Amino acid sequence: MPRFLFGAHTGVAGGLHNGLIEGHEIGCDTIQIFTSSPRQWAAKPLTDDAIAVWKAKVAETKLSPLVAHDSYLINLASPDSEARQKSLRAFIEELERCEALGLDYLVSHPGAHMGSGEEAGCAQIAASLDTVHQATAGFHVKVALETTAAKGTTLGGVFEHFPAILSRVAEPERLVICLDTCHIYDAGYDLVGDPKGVWDRFAATVGFDRLKIIHANDSKFGLASKRDQHAHIGEGTIGDAGFVAFLSDPRLPESLALIVETPEEDGKGHRENVAKLRELLAHV
Ligand SMILES: [Zn+2]
Ligand SMILES: [Zn+2]
């Protein structure tokens, strides 16, 4: 079993299968995509043809695991019933698309409590996830709750929010965790100065057995900035040494997916970031 599976959030302009082609061409083992526009509610339904083309490319490229990221508009923690119902419908449709495509994980930001408080927000997310799970009984795809940068009333910026959600969910075995290095650093976890201490806190709250994906992103602003601006690997406040120290922990599970969501402007793309991570972690 490999120590890490390396990948990137790839583009799907012209068809979802183009995300697989890009991933394969730039040397990925795994990819993440959006199955619809992340800033729009309406999603185009998947055609049988698009699903068939996707599955043929999966067989050809052998990329695994296959990950989607949900729409940024969805808020499963919303205290407003109408907004929550809209989010639930969109989220269930996200999972239906993932299942039709044979994806493994749908990464999702837990949500924002909008003033109802952290405890009520976590309880609302758990109730929403129960509704989602009931509507998607028997699905292979799992929801991967992502750590966040703790902006505003966003939940998931402290590790304790995850057990607060998981302990209330009827089917917690259907949930895994995605840890974003930029987000947790921006939220105040000093993975550069105290990598072992951060993992100790993660172990005591979430646990390594649920950790399936790491979004490996450097950070433009850094520790406790709550900004969430991704930088190229090694060019932000985490830096090469920060990634090596944080990802060398012997407790990390085998075959952990490391996916970059780094910016694609300024002449440097995912290919360079994936190669850089492979090189940095070659002897870990
Ligand atoms: Zn995310
Ligand atoms: Zn992320």
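As shown above, the structure is provided for reference.
Description of the structure in this document. Keep in mind that what you see is a predicted model, and the values were worked out from it rather than measured. (Residues numbered from 1 in each chain as written. Chains lettered and ligands numbered in written order. Predicted model: local features only at pLDDT ≥ 70, side-chain atom pairs only at ≥ 80, totals over all residues. Heavy atoms only, no water.)

1. Let's talk about the pairing of strand S6 (residues 142-146)
Side chains on a regular strand alternate between the two faces of the sheet. Note the cut-off: A 1.4 Å probe rolled over the protein chains alone gives each residue an accessible area, and that area as a share of the maximum for its type sets the label: buried under 20%, exposed over 50%, partly exposed in between. In this description a helix means any DSSP run of H or I spanning at least four residues, a strand means any run of E spanning at least two, and both kinds are numbered starting from the N terminus. Any two strands with at least two DSSP-identified bridges between them are counted as paired.
The buried count for S6 comes to four of five residues, which makes it a mostly enclosed element. Looking at chain direction, strand S4 (residues 105-108) and S6 are connected through four bridges and run parallel. The partner of Ser 108 across the bridge, within S6, is Leu 145. As paired elements, S6 and strand S8 (residues 175-180) share four bridges and run parallel to each other. Bridged to Leu 145 within S8 is Ile 177.

2. Observations concerning the pattern of salt bridges
Proximity of charged atoms lets side chains of opposite charge pair with each other. Put simply, the rule reads: We define a salt bridge as a side-chain nitrogen of Lys or Arg found within 4 Å of a carboxyl oxygen belonging to Asp or Glu.
Scanning the model with the defined rule gives nine salt bridges in all. Between Glu 60 and Lys 57 there is a salt bridge; the shortest N-O distance is 3.1 Å. One end of the pair, Glu 60, and the other, Lys 57, are both in helix H2 (residues 48-61), three residues apart, so they sit about a helical turn from each other. For Asp 200, the salt bridge goes to Arg 251, with nearest N and O atoms at 2.7 Å. Of this pair, Asp 200 sits in helix H7 (residues 195-205) while Arg 251 sits in the loop between helix H8 (239-246) and strand S12 (256-260), placing them 51 residues apart in sequence. Overall, Asp 200 belongs to the partly exposed group, its relative accessible area being 30%. The network of salt bridges with common partners includes Lys 196, Asp 200, Asp 249 and Arg 251.

3. Regarding the coordination of the zinc ion (ligand 2)
The following threshold applies: Here a donor is any nitrogen, oxygen or sulfur atom (N, O, S) within 2.8 Å of the metal, with 3.2 Å used for Na, K and Ca; water is not among the atoms considered, so some sites may look incomplete. Labels for metal geometry use angle windows, namely 85 to 135 degrees for all angles of a four-donor tetrahedral site, and for square planar (four donors) or octahedral (six donors) sites opposite donors over 155 degrees apart plus all others within 65 to 115; sites meeting none of these are irregular.
Ligation of the zinc ion (ligand 2) by protein atoms is provided by Glu 146 (OE), Asp 180 (OD), His 215 (ND1) and Glu 261 (OE), these donors lying 2.1 to 2.2 Å from the ion. Angles of 83 to 168 degrees at the metal separate the four donor atoms of the zinc ion (ligand 2), which places the site in the irregular class. Here the zinc ion (ligand 2) and the zinc ion (ligand 1) are spaced 3.5 Å apart, with Glu 146 acting as a shared donor. Here Glu 146, found in strand S6, pairs with Asp 180, found in strand S8; they are 34 residues apart in sequence, far enough to count as distant. We classify Glu 146 as buried; its relative accessible area is 0%. With a relative accessible area of 0%, Asp 180 lands in the buried category.

4. Examining the sheet that holds strand S3 (residues 66-69)
Note the threshold: In this analysis an axis means a line fitted to C-alpha atoms, helices contributing only their contacting stretch, and an angle means the value between N-to-C directions, from 0 to 180 degrees. Here a residue-residue contact requires only that any non-hydrogen atoms of the pair lie within 4.5 Å.
The strand order around the closed barrel formed by eight strands is S1-S2-S3-S4-S6-S8-S9-S12, and the pairing between neighbours is parallel. On average, adjacent strands in this sheet sit at an angle of 30 degrees to one another, irrespective of strand direction. Both strand S9 (residues 211-215) and S12 contribute to a ladder of three bridges, which runs parallel. Looking at the pairing, Ile 213 lines up with Ala 257 of S12. Contacting strand S1 (4-9) and S12, helix H9 (residues 270-280) runs over the sheet at an angle of about 160 degrees to S1.

5. Here's the deal with the coordination of the zinc ion (ligand 1)
In the first shell of the zinc ion (ligand 1), the protein supplies His 69 (NE2), His 109 (NE2) and Glu 146 (OE), at 2.1 Å from the metal. Donor residues for the zinc ion (ligand 1), ordered by position in the chain, follow H-x39-H-x36-E. Classification of His 109 by relative accessible area gives partly exposed; the value is 25%.

6. Some words on the packing of aromatic side chains
Selection rule: Pairing of aromatic rings covers Phe, Tyr and Trp, the last through its six-membered ring, and needs centres within 6.5 Å; plane angles under 30 degrees mean stacked, over 60 mean edge-to-face, and all others mean tilted.
Under the defined criterion, the tally for this structure stands at eight aromatic pairs. Here Phe 34 and Tyr 72 contribute two aromatic rings whose centre-to-centre distance is 5.8 Å and whose plane-to-plane angle is 75 degrees, an arrangement assigned as edge-to-face. You can see Phe 34 sitting in the loop between strand S2 (30-33) and H2 and its partner Tyr 72 sitting in the loop between S3 and helix H3 (81-101), a full 38 residues away along the chain. Owing to a relative accessible area of 38%, Tyr 72 belongs among the partly exposed residues under this scheme. Taking the centre distance of 5.4 Å and the plane angle of 40 degrees together, the rings of Trp 199 and Phe 208 count as tilted.

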